[in-house]
Amino acid sequence: QQPVQSPQAVILREGEDAVINCSSSKALYSVHWYRQKHGEAPVFLMILLKGGEQKGHDKISASFNEKKQQSSLYLTASQLSYSGTYFCGAFDRLIIQGAQKLVFGQGTRLTINP
Amino acid sequence: DVKVTQSSRYLVKRTGEKVFLECVQDMDHENMFWYRQDPGLGLRLIYFSYDVKMKEKGDIPEGYSVSREKKERFSLILESASTNQTSMYLCASSLWGKMNTEAFFGQGTRLTVV
């Protein structure tokens, strides 16, 4: 079952902030964030492992609330280069043996205008 | 430079044809995934594999099969292509056994079934 992302689309002016949310009805053991620019492959941004963990680099950061089965991606003082579609992903099972199932949300399209 | 390579960027096939989408990775990854990407639906998992000859169904396996005869190669097969299989197909790979491992994506194959 796919994680659910919100909002589906965001339009901002350069310099504004954005928050993208990701939630799951199943337990999350790790949360991945990726960005895909038009016509390109999704590119990895970051992984969060533990409940309550927060990570970030530059002006993009994320949090992970394991109890609420939610993660949020924060884009601060957005730049034109941040435009693209953002996906959250998660391994939906704790790995002991066998296959690792990596599922993604439906994506959030972010448009940054000058 | 690590790579996941999909054999075709664009394919046009006729209804009823058998279609093969090929994916090769050069990172010695155990996990390989096939996703289909449609507007508003995000990345939906079709099949995944964690070892040679091992495969598991994802969330939308109907109408598809896969083959993994070598570790580096994961093929998606459409036994009898239909117009509702027109989509962007993305292959990805990752290391097995770690929750903090990122996935690497290929450039995608845009398949049109006419």
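In what follows, the structure referred to is the one given above.
Cut-offs and rules
- Residues numbered from 1 in each chain as written.
- Chains lettered and ligands numbered in written order.
- Predicted model: local features only at pLDDT ≥ 70, side-chain atom pairs only at ≥ 80, totals over all residues.
- Heavy atoms only, no water.
- Helix = DSSP H or I, 4+ residues; strand = E, 2+ residues; numbered from the N terminus.
- Rg over C-alpha atoms; globule rule 2.2 N^0.38 Å.
- Buried < 20%, exposed > 50% of the residue type's maximum accessible area, 1.4 Å probe, protein only.
- Pairing = 2+ DSSP bridges.
- Axes fitted to C-alpha atoms, helices over the stretch in contact; angles between N-to-C directions.
- Phe/Tyr/Trp six-rings, centres within 6.5 Å; stacked < 30°, edge-to-face > 60°.
- Core = buried A, V, L, I, M, F, W, Y, C linked by side-chain atoms within 4.5 Å.
- Contact = heavy atoms within 4.5 Å.
- Disulfide = S-S within 2.5 Å.

Remarks on the overall build of chain B
Moving on, step 1. Within chain B one finds zero helices and eleven strands.
Moving on, step 2. Along its sequence from the N terminus, chain B presents helices and strands in the succession β-β-β-β-β-β-β-β-β-β-β.
Moving on, step 3. For chain B, whose C-alpha radius of gyration is 13 Å, the value lies close to the compact-globule estimate of 13 Å for 114 residues.
Moving on, step 4. Overall, chain B is about 40 × 30 × 25 Å in size when its C-alpha atoms are taken along their principal axes.
Moving on, step 5. Burial analysis of chain B (114 residues in total) assigns 50% to the buried set.

Examining the sheet that holds strand S3 (residues 19-25) of chain B
Residues and elements named next belong to chain B.
Moving on, step 1. The strand order S1-S3-S8-S7 describes an open sheet built from four strands, whose pairing is antiparallel. The sheet terminates laterally at strand S1 (4-6) and strand S7 (64-70), the two strands that pair on one side only. Here the strands of the sheet are splayed against their neighbours by 20° on average, with no regard to which way each runs.

Examining the packing of aromatic side chains
Moving on, step 1. Applying the stated rule across the entire model yields nine aromatic pairs over all chains.
Moving on, step 2. With a centroid separation of 6.0 Å and an interplanar angle of 40°, the aromatic rings of tyrosine 35 of chain B and phenylalanine 105 of chain B are classed as tilted. Here phenylalanine 105 of chain B lies in strand S10 (residues 104-105) and tyrosine 35 of chain B lies in strand S4 (residues 31-38), a separation of 70 residues in the sequence.
Moving on, step 3. Counting every residue linked through ring pairs, the aromatic cluster contains Tyr34, Phe44 and Phe104 of chain A together with Phe33, Tyr35, Phe48 and Phe105 of chain B.

Things to note about the nonpolar core
Moving on, step 1. Ranked by internal contacts, the top residues of the largest apolar core, which has 22 residues, are Trp33, Met46, Leu73, Leu75, Tyr82, Tyr86 and Leu110 of chain A.
Moving on, step 2. Put simply, the parts of the chain that give this core at least two residues each are strand S2 (9-13), strand S3 (18-23), strand S4 (31-36), strand S5 (43-48), strand S7 (60-65), strand S8 (70-75), strand S9 (84-91) and strand S11 (108-113) of chain A.
Moving on, step 3. Once residues within four sequence positions are removed from consideration, leucine 75 of chain A is found in contact with Glu16, Asp17, Ala18, Ile20, Lys59, Ile60, Tyr82, Tyr86 and Leu110 of chain A.
Moving on, step 4. The next biggest cluster of nonpolar side chains, apart from the first, holds 21 residues, and it includes Leu21, Met27, Ile46 and Cys91 of chain B.

Focus: the state of the cysteines
Residues and elements named next belong to chain B.
Moving on, step 1. This structure, assessed with the given rule, holds two disulfides over all chains.
Moving on, step 2. Across the disulfide from cysteine 23 sits cysteine 91; the S-S distance is 1.9 Å. In this structure the cystine formed by cysteine 23 and cysteine 91 twists about its S-S bond by roughly -75°; its chirality is therefore left-handed. Remark: cysteine 91 occurs in strand S9 (residues 87-94) and cysteine 23 occurs in strand S3; sequence separation between them is 68 residues. The exposure classification of cysteine 23 matches that of cysteine 91, with both residues buried.

Note that every value here comes from positions in space, so none of it alone points to a role or purpose.
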